[in-house]
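Report on the structure
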Amino acid sequence: MNAGPATLIRNGRVVTASDDCVADILIEGGRIQAIARTLPAGPGMAVHDAAGLLVLPGAVDVHTHLDSATPTASTVDDFAAGTRAAAFGGTTTVVDYCTPPAGQGLLAGLADWHRRRAMACVDVGAHMIVRETDPDTPAQMKTLVEREGISSFKFFMAYPGALMLEDGALFSAMRAAAALGALSCVHAENGPVIQNLVQAALAQGQTTPRHHALTRPALLEGEAAQRAIALAEQAGAPLYVVHLSTAQALQAVQQARRRGLPVFAETCPQYLLLDDSVYESEGFEGAKYVMSPPIRPASHGSLLWHGLKTGDIQTVATDHCAFTFGEGPQGLRHSKRLGLAAFNRIPNGAPGLETRVELMHDAAVLQHGMSLHRFVDLVATAPARLFGLFPRKGTVAVGSDADLVLFDPKERWTVRAAEHHSRSDYSLYEGRALTGRVKKVFLRGQCIVDGLRWLGHEGMGQYLRRGASGRP
Ligand code: DUC
Ligand code: ZN
Ligand code: ZN
């Protein structure tokens, strides 16, 4: 609970997933106390004028990898840098993937994750990645759900020999999650076949970044999504397909949903706004876009937009998994340059936490004609609901945490990595002109971003024990 002074936000246009009205908002004790057309300012109250601005719920990003290590590489944004970047972009809640190293166990992995997340500047929850199973795994999963409020697990169908669960283990893990009322999240790509394609490409001397995309075809994401849906149906498990990027995977999700199955999907701005021409340069530039799944041909993006409109895709998250392009002061361990000799050694992932809300406002509302309500739903409300955070997070309502974004829907500006707060040295959207900009951000009533000024501090983010996931 935040015991700061009472705060009044005046005359903003409050937009939620369902409502739209000009109102004053009174904040006390970190929560919204009242919303009314006119509220009086009491003595000592901090008053913010929001006339001409939208007042949106603090956005919720349910897919990040902060301070996350593999044996060869580590993401460059720790929780302090990553969540500060999030705040500048209007995101006040992050649900991050805890990835215990091989052999460590889930509870020990979580304890390490808590040490790292203690520097967070916005509120954070965790999903747990299950990369291996043993007889103790179901009991550990139970403890995570019941004691730690971790109500979602991620399973990889890619990266054999590293993160992948083969089908039997995947099915058992889905069953265990379902028995606990938890949501199974899957990275849907056929890992063994991709491994085969990667080895064949390398054997032919095809080492440049664009071969990353060529060896991870859309068909193999569609196949894995279809298989995940079948395994989840058999296990009686609700399913959430993370970072969905292809028409084939979307079609599998659509068919499942038409049959009434509890299948949900997330996509990311990079799959909506970019296309595979990003890999065309012959040099190393394409490494900036090496992520899994890769950026797809434009036809997929068009269908993903359709999936957002029909509601078959419920959320837009970032998969913020940031590395530097150059070596930078952080060193090679955080750099794409680890893969200069061969594309399969390029660390997978890209930055995105800071730009998601503004990109989606510009693209969804201004270019694709979606309503402000749907935009708010995609970036805040639906992820909060699906991952057990609603109504504390994801909306503007009496009793909710006072996580608020004052947003100027008319300001025009240009994305520049040099002006960002991520430690990554590039943006996937460098030079893109956008309309709509975050002006002020409040975390539990405290103004943490005021224009270009940072008013928050490391460690102010709280850990979020989440309720049941997978219930929209
Ligand atoms: N999957 C993710 O979700 N993030 C980074 C890399 C990956 O394969
Ligand atoms: Zn993934
Ligand atoms: Zn990810």
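Everything discussed here concerns the structure shown above.
Read on for a plain summary of the structure.

Definitions and limits used
- Residues numbered from 1 in each chain as written.
- Chains lettered and ligands numbered in written order.
- Predicted model: local features only at pLDDT ≥ 70, side-chain atom pairs only at ≥ 80, totals over all residues.
- Heavy atoms only, no water.
- Donors = N, O, S within 2.8 Å, 3.2 Å for Na, K, Ca; no water.
- Helix = DSSP H or I, 4+ residues; strand = E, 2+ residues; numbered from the N terminus.
- Buried < 20%, exposed > 50% of the residue type's maximum accessible area, 1.4 Å probe, protein only.
- Phe/Tyr/Trp six-rings, centres within 6.5 Å; stacked < 30°, edge-to-face > 60°.
- Pairing = 2+ DSSP bridges.
- Contact = heavy atoms within 4.5 Å.
- Axes fitted to C-alpha atoms, helices over the stretch in contact; angles between N-to-C directions.
- Parallel < 35°, antiparallel > 145°, perpendicular 65-115°, else oblique.
- Left-handed = near helix turned anticlockwise from the far one by under 90°.
- Nonpolar A, V, L, I, M, F, W, Y, C, P; charged D, E, K, R; others polar.
- Expected span 1.5 Å × (residues − 1).
- Arc of directions from axis to C-beta.
- Near = heavy atom within 4 Å.
- Polar contact = N/O pair within 3.5 Å; in protein donor to acceptor, adjacent residues only side chain to side chain.
- Areas by Shrake-Rupley, 256 points an atom, 1.4 Å probe, with all protein chains shown as cover.

1. Things to note about the coordination of the zinc ion (ligand 2)
Around the zinc ion (ligand 2), the donor atoms from the protein are Lys154 (NZ), His187 (ND1) and His243 (NE2), and they sit 2.1 to 2.5 Å away. When the donors of the zinc ion (ligand 2) are listed by position in the chain, the intervening gaps give K-x32-H-x55-H. Here the zinc ion (ligand 2) and the zinc ion (ligand 3) are spaced 4.1 Å apart. You can see His187 sitting in strand E10 (residues 183–187) and its partner His243 sitting in the loop between strand E11 (239–241) and helix H8 (247–258), a full 56 residues away along the chain. Per residue, the accessibility class of His187 equals that of His243, and both read buried.

2. A few points about the packing of aromatic side chains
Tallied over the entire structure, the rule returns 8 aromatic pairs. Their ring planes at 20° and their centres at 5.9 Å tell us that Phe284 and Phe325 sit as a pair that is stacked. Of the two residues, Phe284 is situated in the loop between helix H9 (269–273) and helix H10 (298–310) and Phe325 in the loop between strand E13 (315–316) and helix H11 (356–367); the sequence distance between them amounts to 41 residues. Since its relative accessible area comes to 15%, Phe284 is described here as buried. You can call Phe325 buried: its relative accessible area is 18%.

3. Here's the deal with the coordination of the zinc ion (ligand 3)
Only His63 (NE2), His65 (NE2) and Asp319 (OD) from the protein reach the zinc ion (ligand 3) as donors, at distances of 1.9 to 2.1 Å. Counting the intervening residues between successive donors of the zinc ion (ligand 3) yields the motif H-x1-H-x253-D.

4. Points about the sheet that holds E11
Ordered by their spatial adjacency, 8 strands build an open sheet running E6-E7-E8-E9-E10-E11-E12-E13, and the pairing between neighbours is parallel. Every other strand in the sheet has two partners, leaving strand E6 (59–64) and E13 as the edge strands with one partner each. Running at roughly 140° to strand E7 (residues 91–98), helix H1 (residues 79–88) makes contact with E7 and strand E8 (123–129) of the sheet.

5. Here's the deal with the side chain of His300
Within the secondary structure layout, His300 lies in helix H10. Not counting the four nearest positions on each side in its chain, His300 is found in contact with Ala218, Ser245, Thr246, Ala247 and Gln248.

6. Points about the packing of helix H7 (residues 218–235) against H8
Where H7 contacts H8, the axes come no closer than 7 Å and their chain directions differ by 20°. Considering the angle they form, H7 stands roughly parallel to H8. Crossing hand, H7 versus H8: right-handed. Along its contact with H7, which presents Ala218, Leu219, Glu221, Gly222, Ala225, Gln226 and Ile229, the element H8 presents Gln248, Ala249, Ala252, Val253, Gln255 and Ala256. For the contact of H7 with H8, the per-class residue count stands at 8 nonpolar, 4 polar and 1 charged.

7. Let's talk about the environment of Ala417
Residue position: Ala417 is located in the loop between strand E14 (404–414) and strand E15 (433–443). Under the relative-accessibility criterion, Ala417 is labelled buried at 11%. Note: C-alpha distance between Ala417 and Tyr429 (12 residues apart in sequence) is 8.4 Å. Residues in contact with Ala417, not counting those within four places in the same chain, are Asp425, Tyr426, Ser427 and Glu430.

8. Quick word on helix H2 (residues 106–117)
With 12 residues, H2 extends 16 Å from end C-alpha to end C-alpha; this agrees with the ideal 16 Å at 1.5 Å per step. Restricting attention to buried positions, one finds in H2 the residues Leu106, Gly109, Leu110, Trp113, His114 and Arg117. Down the axis of H2, the smallest arc covering the buried residues is 145°, so these residues share one side. In this fold, the buried residues of H2 make contact with H1, E7, E8 and helix H3 (137–146).

9. Quick look at the site of ligand 1
Neighbouring ligand 1 are the residues His63, His65, Lys154, Phe156, Tyr159, His187, His243, Ser292, Asp319 and Cys321. Side-chain polar atom of Lys154 to an oxygen atom of ligand 1: 2.6 Å apart, as the coordinates give it. For ligand 1, a nitrogen atom lies 3.3 Å from a polar atom in the side chain of His187. Protein coverage of the free-state accessible area of ligand 1, which is 240 Å², stands at 94%. Here the shell around ligand 1 is composed, by residue class, of 3 nonpolar, 5 polar and 2 charged.

10. A short note on the environment of Trp454
Along the chain, Trp454 turns up in strand E17 (residues 453–454). Trp454 gets classed as partly exposed once you look at its relative accessible area, which sits at 24%. In sequence terms Trp454 and Asp276 are 178 residues apart; their C-alpha atoms lie 36 Å from each other. Here Trp454 is in contact with Arg84, Ala87, Phe88, Cys121, Ile448 and Val449, once residues within four sequence places are set aside. Side-chain polar atoms of Trp454 contact the backbone oxygen of Gly456, separated by 3.1 Å.

11. Some remarks on the pairing of strand E16 (residues 446–450)
Strand direction decides the pairing type here: E15 and E16, joined by 4 bridges, are antiparallel. Within the sheet, the bridge partner assigned to Lys440 lies in E16 and is Asp450. Linking E15 to E16, which pair antiparallel, is a turn of 2 residues; within it Arg444 sits at a positive phi near 45°. Where E16 meets E17, 2 bridges bridge the pair, whose relative direction is antiparallel. Of the residues in E17, the one forming a bridge with Val449 is Trp454. Between E16 and E17, which pair antiparallel one after the other, the connecting turn spans 2 residues, and Gly451 there sits at a positive phi close to 60°.

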